[in-house]
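Here is what each chain is made of, one letter per residue.
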Amino acid sequence: LDVASGKETRLTTKQGKYSRPRFSPDGKNVVFVKSGGGYLTTPWYGLDTGVYLVPTDGKSAPRLIAEDGGAPQFGKDNDSVYVTRTQYTSEVDWTTSLIKIDLEARKETPVAKSEFATEFSLSPDGEWLAFVERYHAYVTPLPKAGKAVTISQRMDSLPVKQLDVNAGQYLHWSADSKKIHFS
């Protein structure tokens, strides 16, 4: 929806369960999750799940960029998307990872991983990583390490700051990367 003119642009014509939309920095694309049914939702229109990218012009169909992943987001450029993936090692143990997907080459690169984090949020300038661990919000610098950096509330390798007093989740950065908002 263009707020100034009121003009709506339909980005997809297929029915489905769409969530977590995020615009690219240039506003020309939207990335989102298409999920299946289960639990409280019907399985209808729950096929072809994954992370999709669609141009905002309304003229092109969405294209699948990852079959597995959630919480898609852009960093500082339009050429890659970051997704969160959880890998279960047992019924009670898991690792959550932030994966960078190069949209042109379709190459995936691990950026960060955590034993207890449930949410990652990359700053718009790509310099900071906010995360939620055990219902608390934290922020740390994000080095360009070339391999996944292990993130935790008690890291020795990087400075980490707790943002909340009692609890914090649903992280969202200001456009200038200077503020983090959370619930």
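Every chain begins its residue count from 1, and numbering advances along the sequence as written. At least 70 in pLDDT is required for a residue's local features to be given in this predicted model, at least 80 for side-chain atom pairs to be given and counted, and no such filter applies to totals for whole chains, interfaces and linings, which use all residues. To get the side-chain values, all heavy atoms of the structure are used, and hydrogens and water are removed first.

**Some words on the overall build of the chain**
For step 1, the next point in the chain: Each helix is a run of H or I in the DSSP string that is no shorter than four residues. Each strand is a run of E no shorter than two, and both are numbered from the N terminus. Each helix and strand in the chain was counted, giving zero helices and 15 strands.
For step 2, the next point in the chain: Across its three principal axes, the chain shows a C-alpha extent of roughly 50 × 40 × 35 Å.
For step 3, the next point in the chain: Throughout this description, buried means an accessible area under 20% of the type-specific maximum (1.4 Å probe, protein chains only), exposed means over 50%, and partly exposed covers the range between. A total of 183 residues make up the chain; the buried ones form 37% of that total.
For step 4, the next point in the chain: Surface exposure here means Shrake-Rupley accessible area, sampled with a 1.4 Å probe, where a residue is shielded only by the protein chains that are shown. Entry remark: accessible area of the chain is about 11600 Å², with carbon and sulfur atoms responsible for 52%.
For step 5, the next point in the chain: Counted as positive: Lys and Arg. Counted as negative: Asp and Glu. His and the chain ends are not counted at all. Working definition for charges: the position is that of NZ of Lys, CZ of Arg, CG of Asp or CD of Glu. Across the chain, the centroid of the 23 positively charged side chains sits 2 Å from that of the 22 negatively charged ones.

**Digging into unusual backbone geometry**
Among all residues except glycine, the phi angle is most often negative; among peptide bonds, the trans geometry is most common.
For step 1, the next point in the chain: Not every positive phi belongs to a glycine, and Ala 71 is a case in point at roughly 45°.
For step 2, the next point in the chain: Of note in the backbone geometry, Arg 134 takes a positive phi value of approximately 50° without being a glycine.
For step 3, the next point in the chain: Here Arg 134 lies in the loop between β10 (128-133) and β11 (136-141).

**Quick look at the nonpolar core**
As a rule of thumb, soluble globular proteins bury nonpolar side chains together.
For step 1, the next point in the chain: Counting residues in each nonpolar core, the largest one holds 15 residues, and the members touching the most others are Leu 98, Ala 112, Phe 120, Leu 129, Phe 131 and Ile 151.
For step 2, the next point in the chain: Broken down by element, this core gets its largest block of residues, three residues, from strand β9 (residues 117-122).
For step 3, the next point in the chain: Contacts were defined at the residue level, with two residues in contact if any of their heavy atoms lie within 4.5 Å. Not counting the four nearest positions on each side in its chain, Leu 98 is found in contact with Gln 73, Tyr 82, Val 83, Thr 84, Thr 109, Pro 110, Val 111, Ala 112, Phe 120 and Leu 129.
For step 4, the next point in the chain: Take the buried Ala, Val, Leu, Ile, Met, Phe, Trp, Tyr and Cys residues and link them wherever side-chain atoms come within 4.5 Å; each set so joined is a nonpolar core. Residues Val 31, Val 33, Val 51 and Val 81 belong to the second largest nonpolar core, which totals twelve residues.

**Digging into the sheet that holds β9**
For step 1, the next point in the chain: With antiparallel pairing, four strands are arranged side by side in an open sheet as β9-β10-β11-β13. Among the strands making up the open sheet, the edge pair consists of β9 and β13 (161-162).
For step 2, the next point in the chain: Bridge analysis of β11 against β13 gives two bridges, and the strand direction is antiparallel. Within β13, the residue paired with Val 139 across the bridge is Lys 161. For two strands to be treated as a pair, DSSP must find at least two bridges joining them.

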